[in-house]
Amino acid sequence: MKKKKLFIYIFVILLMVFIDQLTKYLVINNFELHDEKPVIGNLLVLTYIRNSGAAWGSFAGKAALLLVFTFIVFIFIFRILHRIWDIPKFKPIRICLLFVIGGAVGNMIDRIRFNYVIDFIFFKFINFPVFNIADIFVTLSVIVLVILFIFKYNDADHDILLGIKPMDDNKKTTKDEAIREKTNDKKRGREKDVEDN
């Protein structure tokens, strides 16, 4: 079961990276630098820029620093994933972190190959910074993570996720254990119904 879950997670990450890199490949081969092609008037425009910084054009010209930061983020994420791998209640966190990894890897590939990131999605009517598919993966997943932290998980959960407080082995509930507990509850319910009858 663990190997199957790992395979699915890796497949999801690779799929996100493929989608990101495919869209960038299409932009490189169909646009000249700074070309603009309206999709929905001035609301949504496709363009082609080379971003030497991070998302939304921040930290321009600091590709090496951003690569180091990306690796640090990966280490932090993998530590969290290792900590919550078999805990069902943290499944939404795991999914969000997969999207963060997928987006970060997509942009990291650009920085390693070109020393810049290819951006092409432009909301021109509000002059929003140009971004790409990888940025969407990272940004939306971080927003969902913040919402989950605030509204779904309590302080004890936060401590487990951040490694401040280790998960008590006696309180760990894997997915298999949860299924067994649910099955046993159903059996006890049926036995009770038989006794009542």
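Asks: Looking at this model, I keep getting lost on the overall build of the chain. Mind explaining?
Replies: Of the regular secondary structure elements, the chain holds six helices and three strands. Relative to its 197 residues, the chain shows a buried fraction of 35%. Sequence separation of at least 24 residues holds for 65% of the intrachain contacts in the chain that already meet a minimum separation of 6. When the accessible surface of the chain is summed, it comes to about 12700 Å², and 65% of that surface belongs to carbon and sulfur atoms.

Asks: In this structure, what is going on with the pattern of salt bridges? I would like to understand it.
Replies: Opposite charge on two side chains makes pairing possible when the charged atoms of those side chains draw close. Inspection of every chain in the model, using the stated rule, returns five salt bridges. Here Lys-5 ties to Asp-86 by a salt bridge, and the two come within 3.5 Å at their closest N and O atoms. Linking Lys-5 in helix α1 (residues 2–30) with Asp-86 in the loop between α2 (63–84) and α3 (91–114), this pair joins segments that are 81 residues apart in sequence. With a relative accessible area of 18%, Lys-5 lands in the buried category. What makes Asp-86 partly exposed here is its relative accessible area of 23%. Measuring nitrogen to oxygen at the nearest pair gives 2.8 Å for the salt bridge that ties Glu-36 to Lys-124. Of this pair, Glu-36 sits in strand β1 (residues 36–40) while Lys-124 sits in the loop between β3 (117–122) and α4 (133–151), and the two are 88 residues apart along the sequence. One connected set of salt bridges, linked through shared partners, spans Asp-20, Lys-24 and Asp-110.

Asks: In this structure, what is going on with the packing of α3 against α4? I would like to understand it.
Replies: Describing two packed helices takes the angle between their axes plus the distance from one axis to the other. Where α3 contacts α4, the axes come no closer than 8 Å and their chain directions differ by 155 degrees. By the angle class used here, α3 and α4 are roughly antiparallel. As α3 runs across α4, the sense of the crossing is left-handed. Contact with α3, carried on its side by Pro-92, Ile-93, Cys-96, Leu-97, Phe-99, Val-100, Gly-103, Ala-104 and Asn-107, involves Ala-134, Asp-135, Phe-137, Val-138, Ser-141, Val-142, Val-144, Leu-145, Leu-148 and Phe-149 of α4 and no other residues of that element. Of the residues belonging to the contact of α3 with α4, the class tally is 15 nonpolar, three polar and one charged.

Asks: Could you clarify how one ought to interpret the pairing of strand β2 (residues 44–51) in this entry?
Replies: In summary, the side chains of a regular strand alternate between the two faces of the sheet. Pairing between β1 and β2: four bridges, direction antiparallel. Bridging across to β2, Lys-37 finds its partner in Leu-46. Count of turn residues in the β1/β2 antiparallel hairpin: three residues, of which Gly-41 carries a positive phi of about 55 degrees.

Analysis parameters
Residues numbered from 1 in each chain as written. Predicted model: local features only at pLDDT ≥ 70, side-chain atom pairs only at ≥ 80, totals over all residues. Heavy atoms only, no water. Helix = DSSP H or I, 4+ residues; strand = E, 2+ residues; numbered from the N terminus. Buried < 20%, exposed > 50% of the residue type's maximum accessible area, 1.4 Å probe, protein only. Contact = heavy atoms within 4.5 Å. Areas by Shrake-Rupley, 256 points an atom, 1.4 Å probe, with all protein chains shown as cover. Salt bridge = Lys/Arg side-chain N within 4 Å of Asp/Glu carboxyl O. Axes fitted to C-alpha atoms, helices over the stretch in contact; angles between N-to-C directions. Parallel < 35°, antiparallel > 145°, perpendicular 65-115°, else oblique. Left-handed = near helix turned anticlockwise from the far one by under 90°. Nonpolar A, V, L, I, M, F, W, Y, C, P; charged D, E, K, R; others polar. Pairing = 2+ DSSP bridges.

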